[in-house]
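So you can see what is in the structure, the chains are spelled out below.
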Amino acid sequence: MSIKSEVFINNYSALILAGTAQDIFTFTVPAKAIFKVLRFGNYCDTPGAWTLISWAFMLDNLFLYPYNAILDQMGFGTERQTLQGIEITGGHTLRIVESNFTAGNVRMGISLEYELSYPEQ
Amino acid sequence: MPFLVIGLGCLALFFLVKSLGASPVSLVKPSLPTGTKNAPYSDIILMSSRTWGVPSALIKAVIRQESNFNPNAINSQAAKTATKTDDSYGLMQVGLMTAQNFGLVKDYKNPSQYEISSLMTPQNNINAGARELSRLLGKYPFDTAVQMYNVGEAGFNKGYRAPDYLNKVKGFYDEYKI
């Protein structure tokens, strides 16, 4: 059995309005594929907002512990940190939700590096 | 003579129980309230507690008061307000606006059935409820935060209070802290 795999890096940011949440990344894994998170970075433009803003990983709309609430800086922008334990099989959907619990708008972003592999039967 | 035999039998039974180390008092001790020691969803509660910095005993106390550990609990205000926006759902009776602030519902005024089902799963519900408790405890004193969890910040500021809510939650909190 051989495996075809490809690594992707996605950078996204969005202005998250005060007291709201927004999906920043949604991906449904193709059938027979395996999606694996390799590294993750997050950032915001308001340093005082840390701990009042969060990045939540959701698998099929369920919070994924312990990445249900990343409250601090894991890696700034392109300086991504290794994130272990998120490996998803075909048909399932991963969401990353940015939440802003501050009283002001905050620009929040992610840098996600993941591997998509297709084991050949 | 039969009374002497019965009396001796009772005495022997008493010493037998005592010798086994079982206190007669413990035999009649009332059972603990639902979930006091082995609360359901303990793993999720613990993880949410650690994530959001809210005591797990407080999360359990709120769940006990809000839904008595029934994940399917729905408090429908729709009959009073003709909208679903004031309804609350699940173990921690999370409202739709709170759910929207957490990314579980896109539009709190028009939630889909899928979004409501998702909100009612223990994992999402406890996470969202604990986050809301954490937010309130970060801004207000304990008593105020707990009452605001029940009637909302705006409701509390308008003077709304649920009778006994605070005392009940504090009572359960004391139980779970032990």
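Structural data are supplied above this passage.
Only a predicted model underlies this, so the values are computations on that prediction, with no experimental measurement involved.

Cut-offs applied
Within each chain, residue numbers correspond to sequence positions counted from 1 in written order. As a convention, the first chain written is A and the first ligand written is 1, with the rest following in written order. pLDDT decides what is reported in this predicted model: residues at 70 or higher carry local features, side-chain atom pairs at 80 or more are listed and counted, and totals for whole chains, interfaces and linings draw on all residues regardless. Put simply, DSSP H or I for four residues or longer makes a helix, DSSP E for two residues or longer makes a strand, and each gets a number counted from the N terminus. For a helix, the expected span equals 1.5 Å multiplied by the residue count minus one. Here a residue counts as buried when 20 or more other C-beta atoms sit within 10 Å of its C-beta, as exposed when there are 12 or fewer, and as partly exposed otherwise, the C-beta atoms being derived from the backbone. By convention the nonpolar core is taken to be a set of buried residues drawn from Ala, Val, Leu, Ile, Met, Phe, Trp, Tyr and Cys and joined through C-beta atoms within 7 Å. This entry defines residue contacts through backbone-placed C-beta atoms, with two residues in contact when those atoms are within 7 Å. Between the N-to-C directions of two axes lies an angle of 0 to 180 degrees, each axis being a line fitted to C-alpha atoms and, for a helix, fitted only over the stretch in contact. Our angle categories are set so that under 35 degrees counts as roughly parallel, over 145 as roughly antiparallel, 65 to 115 as roughly perpendicular, and the remainder as oblique. Left-handed describes a crossing whose near helix is turned anticlockwise from the far helix by less than a right angle; the clockwise case is right-handed. Polar here means any residue outside two lists: the nonpolar Ala, Val, Leu, Ile, Met, Phe, Trp, Tyr, Cys and Pro, and the charged Asp, Glu, Lys and Arg; Gly therefore counts as polar.

A. Inspection of helix H8 (residues 122–139) of chain B at higher detail. The terminal C-alpha atoms of H8 of chain B lie 26 Å apart, and with 18 residues this matches the ideal 26 Å at 1.5 Å per residue to within 8%. Among the 18 residues that make up H8 of chain B, 16 are buried, leaving the element largely enclosed by the rest of the structure.

B. Structural view of the nonpolar core. Within the largest apolar cluster, 57 residues are counted, with the highest numbers of intra-cluster contacts made by Ile59, Val62, Ala99 and Leu133 of chain B. Here this core takes 6 residues from H8 of chain B, the largest share from any one element. Among all residues touching valine 62 of chain B, those that are not within four sequence positions of it are Met92, Gly129, Leu133, Tyr149 and Val169 of chain B. Grouped together as the second largest cluster of nonpolar side chains are 6 residues, Ile16, Cys44, Phe101 and Val106 of chain A included.

C. Seen up close, the packing of helix H3 (residues 42–52) of chain B against helix H4 (residues 56–67) of chain B. All names here are of chain B. Across the interface, H3 lies against H4 with an axial gap of 9 Å and an inter-helix angle of 125°. On the basis of the axis angle, H3 is oblique to H4. Seen from above, H3 lies across H4 with right-handed handedness. Facing H3, whose interface residues are Ile45, Leu46, Ser48 and Ser49, H4 presents Ser56, Ile59 and Lys60. Looking at the contact of H3 with H4 residue by residue, the class counts come to 3 nonpolar, 3 polar and 1 charged.

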